[in-house]
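Examining the three-dimensional arrangement
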Amino acid sequence: MNDKTSDPPQPPRSPSEMDAPAPPSRGRRTAVGDGGEPAQDLDPALVVAEEEDEGRLPDSVDDAQAFAGEGALATGRAAIERAVKLAPTAPGVYRMLNAASDVLYVGKAKSVRKRLASYARPTGHTARIARMIAMTAHVEVVSTATETEALLLEANLIKQLRPRFNVQLRDDKSFPYILITGDHWAPQILKHRGAQTRPGRYFGPFASVGAVNRTITALQRAFLVRSCTDAFFESRTRPCLLYQIKRCAGPCTGEIDFPGYTELVREAVDFLSGRSRLVKQELAAEMEKASADLAFERAAVYRDRLAALSAIQSQQGINPRTVEEADVFAIHQEGGYSCVEVFFFRTGQNWGNRAYFPRADRTLPADEVLGSFLAQFYDDKPPPRQILLSHRVEDQDLLAEALSVKTGFKVEVLTPQRGEKKELVAHALTNAREALGRKLADSATQARLLQGLAETLGLPRAPRRIEVYDNSHIQGTNAVGAMIVAGPEGFAKNQYRKFNIRSDGLTPGDDYAMMREVLQRRFKRLLNAAAEGGNRPPEGDDGVPQWPDLVIIDGGQGQLNAARAIFTELSLPEEVGLIAVAKGPDRDAGRETLFMPHRASLKLEPRDPVLYFIQRLRDEAHRFVIGSHRKLRRKDIREAGLQEIPGIGPSRKRALLHHFGTLKEIERASVADLGKVPGVSAESARKIFDFFHPGGG
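Residues numbered from 1 in each chain as written. Predicted model: local features only at pLDDT ≥ 70, side-chain atom pairs only at ≥ 80, totals over all residues. Heavy atoms only, no water.

**Digging into helix α12 (residues 396-407)**
- Here α12 is twelve residues long and its end C-alpha atoms lie 17 Å apart, about the 16 Å a rise of 1.5 Å per residue gives.
- Looking only at α12, the buried set comprises Q396, L398, L399, A400, A402, L403, S404 and K406.
- Just downstream of α12 lies G408, where phi reads positive at about 90°. (Helix = DSSP H or I, 4+ residues; strand = E, 2+ residues; numbered from the N terminus. Expected span 1.5 Å × (residues − 1). Buried < 20%, exposed > 50% of the residue type's maximum accessible area, 1.4 Å probe, protein only.)

**Considering the nonpolar core**
- In this structure, I178, I180 and F223 are the most contacted members of the largest nonpolar core, which totals 36 residues.
- Of all elements in the fold, only β7 (177-181), α5 (209-223), α6 (230-235), α8 (258-272), α9 (276-292) and α10 (296-316) reach the threshold of two or more residues within this core.
- Broken down by element, this core gets its largest block of residues, seven residues, from α8.
- Judged by nonpolar contacts, the second largest core, of 34 residues, contains L152, V167, A375 and L403. (Core = buried A, V, L, I, M, F, W, Y, C linked by side-chain atoms within 4.5 Å.)

**What about the pairing of strand β4 (residues 92-97)?**
- In terms of burial, β4 is a largely internal element, six of the six residues being buried.
- Of the two faces of β4, the one carrying G92, Y94 and M96 and the one carrying V93, R95 and L97 are both buried.
- Of the pairings in the sheet, the one linking β4 to strand β5 (residues 103-109) comprises six bridges and is antiparallel in character. In the strand pairing of β5, R95 is matched with V106.
- Here β4 folds back onto β5, and the loop between the two strands holds five residues, one of which, S101, carries a positive phi near 65°.
- Taken together, the six bridges between β4 and strand β6 (residues 138-143) define a ladder with antiparallel strand orientation. Its bridge partner lying in β6, V93 is registered against V142. (Pairing = 2+ DSSP bridges.)

**Quick word on the pairing of strand β10 (residues 326-334)**
- Counting buried positions over the nine residues of β10 gives seven, a clear majority of the element.
- As paired elements, β10 and strand β11 (residues 337-346) share nine bridges and run antiparallel to each other. Within the sheet, the bridge partner assigned to H332 lies in β11 and is C339.
- The antiparallel hairpin formed by β10 and β11 contains two residues in its connecting segment, where G335 sits at a positive phi of about 60°.
- Pairing analysis gives three bridges linking β10 to strand β13 (residues 386-389), with the strands arranged parallel. Along β13, the bridge assignment pairs D327 with I387.

**What about the pattern of salt bridges?**
- Applying the stated criterion to the full structure yields 18 salt bridges.
- Residues D230 and R226 are paired through a salt bridge, measuring 2.7 Å at the closest nitrogen-oxygen approach.
- Classification of R226 by relative accessible area gives buried; the value is 1%.
- Residues E620 and R623 are paired through a salt bridge, measuring 2.9 Å at the closest nitrogen-oxygen approach. Linking E620 with R623, this pair stays in helix α16 (residues 609-640), spanning three residues, or about one helical turn. (Salt bridge = Lys/Arg side-chain N within 4 Å of Asp/Glu carboxyl O.)

**Structural notes on the packing of helix α4 (residues 147-161) against helix α11 (residues 366-377)**
- In contact at an axis separation of 8 Å, α4 and α11 are set at 85° when each is read in the N-to-C sense. With respect to their mutual orientation, α4 and α11 come out roughly perpendicular. Contacts between α4 and α11 involve L151, A155, I158 and K159 from the first element and S372, A375 and Q376 from the second.
- Of the residues belonging to the contact of α4 with α11, the class tally is four nonpolar, two polar and one charged. (Axes fitted to C-alpha atoms, helices over the stretch in contact; angles between N-to-C directions. Parallel < 35°, antiparallel > 145°, perpendicular 65-115°, else oblique. Contact = heavy atoms within 4.5 Å. Nonpolar A, V, L, I, M, F, W, Y, C, P; charged D, E, K, R; others polar.)

**Overview of unusual backbone geometry**
- Unusually for a residue other than glycine, S101 sits at a positive phi of about 65°.
- The topology assignment puts S101 in the loop between β4 and β5.
- If you check the backbone angles, S571 has positive phi at about 55° while not being a glycine.
- Examined against the element boundaries, S571 turns out to sit in the loop between α15 (557-570) and β20 (577-582).

**Here we look at the sheet that holds strand β12 (residues 349-356)**
- Taken in spatial order, the five strands of this open sheet run β12-β11-β10-β13-β14, and their pairing is mixed. At either margin of the open sheet sits one strand with a lone partner, and together these are β12 and β14 (412-414). Neighbour-to-neighbour, the strand axes of this sheet turn through a mean angle of 15°, independent of strand direction.

Structure below.
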């Protein structure tokens, strides 16, 4: 739906779970055969926009890989035949597992027995299915009351277990919404992601954080609704900068009365609810009236508000005339990869689009990939009343029934053949084709860089996983290490890790000891996982290898020696490459020195693409570790209070909190704003700012 109340019904996690105020004076499982982020209210005016990258291309699953021969295939069929004898004829979900009890495949069926019997046939299987059968050691079955419940449970299990033979939805983040709060006499507009528990009106979903931020900024110009926190609002004695730049009406200090501000909020809600034409007509009428009364300054305000609304609609691009609420899905396949482009339309407005690159076997047809993708996509998201598809999927009617049961209203799943709906799907298909083309081109460039890196460093092959390590501290306090990961698809941000340094006897500022602790913890965990699994795990949940081909350390010969000692102590495989990257004289980029075991140090030409690639890797690790360090430090600061800042005693602390309202707002303040607080000199303001922003950042 286009907007939500504060207490929307929560979708069940599995089929078994289906059984504004006035202003103040101020299932069941059977083994057959052998043998679950808090809500966030994010202020778009103050919070740095999050990165919204398109998903990475998955490692394709190649059916050309041979299974273990007819003997293994016969063994797998025998395990399935044993399962057939005990399987129910009712609907349910089955899981195929290998000898190590790893889930290979999750499927659903109207009759589980008939479906499993089809796998036990000696012939007629594709190479992909034959490999899966050959690896199967036993089967587990979950019975469900209906086929609809089986569909929902199948999607839930695929997302949880990530079986290698299923289509897998990747980069599955929750979508941001716009929230106009309902728990304060002067409602606030903000970006929201997470559980919708705060009272107010929710509008969305939007495809990206960037789309939400742009829309909120334009809405502030059009309707002058505040975006500040309640604590900041209550502490104001004079209007803030947003009032001065005409992005807020200033209700905090009475610049606008309660009825006037309520009218602005009503207009904003009307616009987001799809009544944009009515709102624009009202504003145009007010502008004409002000102009006729020769109140040109007031007429200019209405003119600017109309311009802001037009800016929102121009950014939205295509806005349908006959489609009020729909999600549009289009899939394009090329080069063994699939791209699913999703457009979100609510209240007749385009609220953005996003490209997904699901992990799927290259032999699967588009309709099968899309069908599996849809069930997983709506596993934890509320669907709209219409879902438009580029390809008809096998369980289209069943999916519509399942989503209708889940939401409590009728959901249509259509493959339009004519009219505006067909045009929307065609537009989405064009975007899917272009997005996949861009990704394939980017991947080719990345592959050339990785091959060049291998040739420069003398690696046996182009690395599939590169791990880069860095650490950060201030005089030994809040020490933290970090690891970033890169590969053929660029940075794998879901693989990033931070390490809070734990060693009690660590000498403050001992970078070598910090690096040793980080590497020990990282590789001991990998070695333990390999020992438990019987061999080295080849890849993680999303196809990213878990063992690195190359480890890069930020530092010189000393850091390299410390890392080598850990590698030797843990008896790490020799094929794991290791280099250290030392900054050039005066820390100049382009003059780095590369240190490698058993080789002389190496300097690359400043314009060498491989050197630029290494710089990008190092800088990303530095960015990530600095961000992790600042979060840790801010937590300590909030726990300790402002007294930790030299020269800030109880009196100045009270003055700062009275002026800014919260410690978070003090942290965000500029030197100039801090200097305006009574009792805070220019020197003290600089000390406070430097305390929260070490290194000038």
